[in-house]
Amino acid sequence: MSAVLPVPTLAQAVLGQAHRVKSLQAPAHAPEWKQMLEELGFVAGEHVAVLARAMPGADPLVVRIGQSTFALRRAEADCVLLEGGASGGLTAPIDAATDAATGQAGAAHA
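The rules we used
What you see as residue numbers is a count from 1 along each chain, following the sequence as written. Only residues with pLDDT of 70 or above have their local features reported here, since the model is predicted, and side-chain atom pairs are shown and tallied only from 80 upward, although totals for entire chains, interfaces and linings are computed over all residues. Each side-chain value is worked out from all heavy atoms of the structure, with water and hydrogens disregarded. Numbering of helices and strands starts at the N terminus; helices are DSSP runs of H or I of at least 4 residues and strands are runs of E of at least 2. Throughout, exposure labels follow a simple rule: accessible area from a 1.4 Å probe, protein chains only, divided by the maximum for the residue type, with under 20% read as buried, over 50% as exposed, and the rest as partly exposed. Any two residues whose heavy atoms approach within 4.5 Å at even a single point are treated as in contact. Using a 1.4 Å probe, accessible areas were evaluated by the Shrake-Rupley method; residue-level cover was limited to the displayed protein chains. Here the rule is simple: two strands pair whenever DSSP picks up at least two bridges between them. Interaxial angle, 0 to 180 degrees, is taken between N-to-C directions of lines fitted to C-alpha atoms, where a helix line uses only the stretch in contact.

Student: Before we move on, can you summarise the overall build of the chain with the specific residues and values?
Tutor: Scanning the chain for helices and strands turns up 3 helices and 5 strands. In the chain, the order of α-helices and β-strands from amino to carboxyl end is β-α-β-β-β-α-β-α. Residue burial in the chain is summarised as follows: out of 110 residues, 33% are buried. Residue pairs at least 24 apart in sequence account for 64% of intrachain contacts in the chain once pairs closer than 6 positions are excluded. Of the roughly 6,200 Å² that the chain leaves accessible, carbon and sulfur atoms contribute 58%.

Following this line, the structure appears as structure tokens:
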């Protein structure tokens, strides 16, 4: 009997691993977060990656969505559901230093 794995969220993503947004799910206490995230570009199918986590506590996260970079609180990043499971990430890692140096944000996305 196989266990059903929960849908991974952006807050759980491995640093530098490219993913695609599956959907957004705002908590009941903050339904406005869904609209805020959509306005920032977190829409289904968009490429997304976590570039860094603050220390200590890993909050906030530095996140690249498309060609933009934002800081999100972990609770907000938990609203972003990612496609696939552990192997659902895209194959190309995100190199924030290279992207910033070349000005080609998102070039590493497959």
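Student: Give me the sheet that holds strand 1 (residues 19-24): which residues, what numbers.
Tutor: The strand order 4-3-2-1-5 describes an open sheet built from 5 strands, whose pairing is antiparallel. A single partner strand is all that each edge strand has here, and the edge strands are strand 4 (68-72) and strand 5 (80-82). The mean inter-strand angle of the sheet, taken between neighbouring strand axes irrespective of direction, is 45°. Bridging between strand 1 and strand 2 (residues 47-53) involves 2 bridges; their strand directions are antiparallel. Pairing of Arg 20 across the sheet is with His 47, part of strand 2.

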